[in-house]
Amino acid sequence: MKNIDLDSIIPENDVEKEIIYDLKNGINKEVITRCPPEPSGYWHIAHVKAWTIDFETAKKFGGKTYLRMDDTNPTKEDGEYAESYLEDLRWLGYTPDKLIYASEEYFEDIYKIAEQMILDGKAYVCFLSAEEVSKTRGTLTQPGIESPYRNRPIEENLRLFRDMRAGKFEDGKATLRAKIDMAHPNMNMRDPVMYRVMRATHYRLGDKWCIYPMYDFAHPLEDALEGVTYSLCSMEFHEHRPLYEWFIENGWKKPYPPKQREFSRLTIENVLIGKRYLKQFVNDGIVSGWDDPRFPTLVGVRRRGYTAKALKDFVKSVGWGNVLEVTVPYSALEYYVRSDLNNIATRAMVVLDPLKVVITNYEKDGEEIEIENNPNDPNAGSHKAKFGKVIYIEKEDFALNPPPKYNRLVEGGVVRLKGAYIIKCNKVIYDKNGEIDHLECEYLPDTKSGNDTSGIKCKGTIHFVSEDNFFKITVREFKNLIKREVTNPAKALAEGAKVEDILEPDSLIEKTAYAENFLKSAKVEDKFQFIRKGYYCMDKDSTPDNYVFNSTISLKDGFKK
RNA sequence: UGGGGUGUCGCCAAGUGGUAAGGCACAAGAUUUUGAUUCUUGCAUUCGUAGGUUCAAAUCCUGCCACCCCAGCCA
């Protein structure tokens, strides 16, 4: 443990207060946390809260964080998922001090502890079926009934447990149960199952074991075995804490036992999380894969252009919490995404919906102009763009019948072209169908950006690309996958809503846009602000002939019509 | 109706006997060659509720109300 001045630490929640107390009073010597994903799906944004709490809490106290794959159920787990966690973690910028596969590292030790507990008369082999166990557990208001196998002699239990391991029982025929109290008001304490017989091929161990420990038994002992001092988990495990402590007390029996402490689970309005549903969306082809940019998975939001910093700042802003689940509006997350991108995204001019403009009084071949890469970052430099006789502006930046306080271009009016000149619109040219074909404008020569001597004031500045300085790109605009009004999609589905009832119909719109040539230097995952429009991120689908950009998030729009 | 938890602004959230921080959202204004950013201002006479103790209560006591979690050989 690094030297940390405990008095200089400002605790931000009750657990940090407790840690300071523990450290000062020798109840614990250091802070070791563990991050225990079960490799049974892809991580999503709400999981970042757990990562962040595990790693940041340890960091704050100069401690360590171990990554432990909690792979005790071979029927649900897969190496693909384990790999993806590792990559997500790297991306987030957290480096575990140890990487452990619980299955490989601890199964043998845990098995031995189980045998010792049998010897101590704390566990017994039970032949009740799952259904019978359920029936005899009692109810919330009534005590359970003790298993007929509960008081079998110790030696026989040991022999039977060894038989379980040796594969002498069929799946589901025998369990090892903790001998606690069938009348306990906490249901978790009514002789919980410690081991079950389960013949399934483990993704790391193959068929080495045919019995697997339950989470409630394995987790506390894994924590203890590797020296974890604070085992931080979400609030639904609060009820399991007495059991966690019971297994530590009866299975571990050594100093500095780990402490389980809980935080609130995070959910975000309008976002569908829940492995089951996400899996279904992938399998049904509703999204292109786990990394679809509309998906709340980490690989998805990463591809969308969200940053690790934004995610971490967001979850930190929500706090530790003390209820089961805290729900925050999506805008709370968006704030941090915009905030980070505003600082790091390179500005570029891209016209998403082009309208041709001819500068009738411009006779030169064109000229260079300069665009700041990031006005909020003096070190970001600038890049060159061009102004010329034919340019394209955004259709919505010209209005025949402008709403009040419209600052952009109107017939007979002026606007500033970002980084170039002020232009005046003289004439609207229509095509055969009566649609606007293009605009005829004049530029005001003494208004060039940086050298404006005209004294002309114009309220609006719009972006543009010139004809000899643009290339076509593909832009993917996203809407939220789930309809706006469905704030709790998982609940809606659980209550019987159909997927199509909650799905936003046009959540992906692909279009062609005109981008300044500067964007040709972009690389996959590079983040840009398309000036006045929003933040975009280059997608991995890009090819040299077709650059693809994902819309990360729009800029805030303060214009009120 | 057993046990465990929680109730402070629309949403998060500090506060633990001395007179309600902060963030998001929202609103108004200023600056701006991005209607962005930035800045400034506003936004709970009141802390689920009813009583009580006290000079003083969101904080202590009592009753009540509401919501959430637990009966997997899931984690």
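Note that the structure is a prediction, hence the values are computed from the model and not measured. (Residues numbered from 1 in each chain as written. Chains lettered and ligands numbered in written order. Predicted model: local features only at pLDDT ≥ 70, side-chain atom pairs only at ≥ 80, totals over all residues. Heavy atoms only, no water.)

Novice: Would you mind showing me how to read the overall build of chain A here?
Specialist: A count of helical and extended segments in chain A gives 14 helices and 29 strands. Relative to its length of 561 residues, chain A is extended, with a C-alpha radius of gyration of 31 Å against a globular reference of 24 Å. Each principal axis of the C-alpha distribution contributes one length, and for chain A these read about 105 × 55 × 45 Å. The burial tally for chain A puts 53% of its 561 residues in the buried class. Within chain A, contacts between residues separated by at least 24 positions form 71% of all contacts whose residues are at least 6 apart in sequence. (Helix = DSSP H or I, 4+ residues; strand = E, 2+ residues; numbered from the N terminus. Rg over C-alpha atoms; globule rule 2.2 N^0.38 Å. Buried < 20%, exposed > 50% of the residue type's maximum accessible area, 1.4 Å probe, protein only. Contact = heavy atoms within 4.5 Å.)

Novice: Can you walk me through empty space enclosed by the protein in this structure?
Specialist: Empty pockets left among the atoms are what a rolling probe the size of a water molecule brings to light. In this structure the tally under the stated criterion is 1 cavity of 30 Å³ or more. Taken as a whole, the largest cavity spans an internal volume of roughly 40 Å³. Every residue lining the largest cavity is listed: Y215, D216, H219, P220, H240, Y244 and Q260. (1 Å grid on protein atoms, 1.4 Å probe; cavity = no way out; pocket = protein on both sides within 12 Å on 5 of 7 lines; lining within 4 Å. Points joined across faces, edges and corners; volume = space filled by probe spheres on them.)

Novice: Looking at this model, I keep getting lost on the protein's contact with RNA strand B. Mind explaining?
Specialist: What surrounds RNA strand B is a group of 64 residues, the closest being L128, R347, K405, S449 and Q529. Protein-adjacent atoms of RNA strand B, using a 4 Å cutoff, are sugar or phosphate at a proportion of 59%. At 3.0 Å, a backbone N or O of L140 approaches a base nitrogen of RNA strand B. Tallying contributions element by element places helix α12 (residues 330–344) first for the surface near RNA strand B, with 5 residues. Residues that form the surface near RNA strand B fall into these classes: 24 nonpolar, 24 polar and 16 charged. (Near = heavy atom within 4 Å. Polar contact = N/O pair within 3.5 Å; in protein donor to acceptor, adjacent residues only side chain to side chain. Nonpolar A, V, L, I, M, F, W, Y, C, P; charged D, E, K, R; others polar.)

Novice: Got a minute to help me understand the side chain of K312 in this structure?
Specialist: With respect to the helices, strands and loops of the structure, K312 is situated in helix α11 (residues 308–318). When residues no more than four places from it in sequence are discounted, the contact partners of K312 are V48, T52, L92 and Y94.

Novice: So what exactly am I meant to see when it comes to the nonpolar core here?
Specialist: Note that soluble globular proteins tend to have their nonpolar side chains buried in a common cluster. Ranked by internal contacts, the top residues of the largest apolar core, which has 55 residues, are W51, L298, L311 and L333. Ranked by residue count, the leading element in this core is helix α3 (residues 79–92), at 7 residues. Leave out the neighbours within four places in its chain, and L298 touches W43, H44, I45, V48, W51, D88, W91, L92 and L311. Ranked by size, the runner-up nonpolar core spans 44 residues in total, among them I113, A178, C210 and I248. (Core = buried A, V, L, I, M, F, W, Y, C linked by side-chain atoms within 4.5 Å.)

Novice: Would you take a moment to explain the sheet that holds strand β12 (residues 346–348) for this structure?
Specialist: The strands that make up a sheet are held in pairs by hydrogen bonds between backbone atoms, and each pair lies either parallel or antiparallel. Taken together, the 7 strands give an open sheet; going across it, the order is β12-β27-β28-β29-β25-β26-β13, and neighbouring strands pair in mixed fashion. A strand with exactly one partner marks an edge of an open sheet, and here the two such strands are β12 and β13 (350–351). With 3 bridges joining them, β12 and strand β27 (residues 527–530) adopt parallel strand pairing. Along β27, the bridge assignment pairs R347 with Q529. Packed onto the sheet, α12 meets β12, β27, β28 (534–538) and β29 (548–554) and runs at close to 120 degrees relative to β29. (Pairing = 2+ DSSP bridges. Axes fitted to C-alpha atoms, helices over the stretch in contact; angles between N-to-C directions.)

Novice: Just to check I follow, could you spell out the pattern of salt bridges for this structure?
Specialist: For side chains bearing opposite charge, pairing can occur when the charged atoms are close. Here the structure, examined in full by the defined rule, presents 50 salt bridges. Salt-bridge contacts for R150 lead to E146; the nearest nitrogen and oxygen are separated by 3.4 Å. Bridged by salt links that share partners, the residues D291, R303, R476, E510, D539, K540 and D541 form one connected network. (Salt bridge = Lys/Arg side-chain N within 4 Å of Asp/Glu carboxyl O.)

Novice: Please explain the confidence of the model for chain A as it appears in this structure.
Specialist: Close reading of the predicted structure is inappropriate where its pLDDT is low. On average, chain A scores 95 in pLDDT, and the residues at 70 or more come to 99%. Here the predicted complex scores 0.95 on pTM and 0.95 on ipTM. (pLDDT = per-residue confidence, 0-100.)

Novice: Could you clarify how one ought to interpret the pairing of strand β16 (residues 382–387) in this entry?
Specialist: The side chains of a regular strand alternate between the sheet's two faces. Because side chains alternate across β16, one face comprises the buried residues H383, A385 and F387, and the other comprises S382, K384 and K386, none of which is buried. Across 6 bridges, the pairing between strand β15 (residues 367–372) and β16 is antiparallel. The partner of E372 across the bridge, within β16, is S382.

Novice: How should the sheet that holds strand β14 (residues 354–359) be read in this particular structure?
Specialist: The mixed open sheet is built from 7 strands, whose spatial order is β23-β20-β21-β22-β14-β17-β24. In the strand order of this sheet, the two ends are held by β23 (461–462) and β24 (464–466), each with one partner. Pairing between β14 and strand β17 (residues 390–394): 5 bridges, direction antiparallel. Within β17, the residue paired with K356 across the bridge is Y392.

Novice: Would you mind going over the layout of surface pockets with me for this structure?
Specialist: There is about 740 Å³ of room inside the second largest pocket. For the second largest pocket, the lining is made up of 30 residues, of which E396, R408, R532, K533 and D557 are closest to its centre. If you list the elements that add at least two residues to the lining of the second largest pocket, you get β28 and β29. In terms of residue count, β29 provides more of the lining of the second largest pocket than any other element does, 3 residues in total. Counted by class, the lining of the second largest pocket contains 7 nonpolar, 8 polar and 15 charged residues.

Novice: Could you clarify how one ought to interpret the environment of F530 in this entry?
Specialist: Within the fold, F530 resides in strand β27. Taking the C-alpha atoms as reference points, F530 and V351, separated by 179 residues in sequence, lie 8.5 Å from one another. Leave out the neighbours within four places in its chain, and F530 touches A348, V350, I473, V475, L519, Y536 and F549.

Novice: I would appreciate a short explanation of helix α2 (residues 48–60) in the present structure.
Specialist: For an α-helix, the turn length of 3.6 residues means that residues three or four places apart are oriented alike. Given a rise of 1.5 Å per residue, 13 residues ought to cover 18 Å, and the 17 Å separating the end C-alpha atoms of α2 matches this to within 8%. Burial within α2 is extensive, with 11 of its 13 residues counted as buried. Along α2, the residues classified as buried are V48, K49, A50, W51, T52, I53, D54, F55, E56, T57 and A58. Following α2 by one or two positions, G62 has its phi on the positive side, about 65 degrees. (Expected span 1.5 Å × (residues − 1).)

Novice: Looking at this model, I keep getting lost on the packing of aromatic side chains. Mind explaining?
Specialist: A ring pair, where both rings are aromatic, is described by two values, the distance of the centres and the angle of the planes. A complete count under the given rule lists 34 aromatic pairs for this structure. For the pair Y42 and Y81, a centre-to-centre distance of 5.6 Å together with 90 degrees between the ring planes defines the contact as edge-to-face. Placement of Y42 in the loop between β1 (32–35) and α2 and of Y81 in helix α3 is noted, with a sequence separation of 39 residues between them. You'll find Y42 and Y81 in the same group, each marked buried. Members of the aromatic cluster, each reached through a chain of ring pairs, are F107, Y111, F161, Y195, W209, Y212, F217, W246 and F247. The ring of Y66 is capped by K98, whose NZ or CZ atom sits 4.5 Å from the centre of that ring. Across from the ring centre of Y111, 4.5 Å away, lies the NZ or CZ of R165, which sits over that ring. (Phe/Tyr/Trp six-rings, centres within 6.5 Å; stacked < 30°, edge-to-face > 60°. Lys NZ or Arg CZ within 6 Å of the ring centre and 35° of its normal.)

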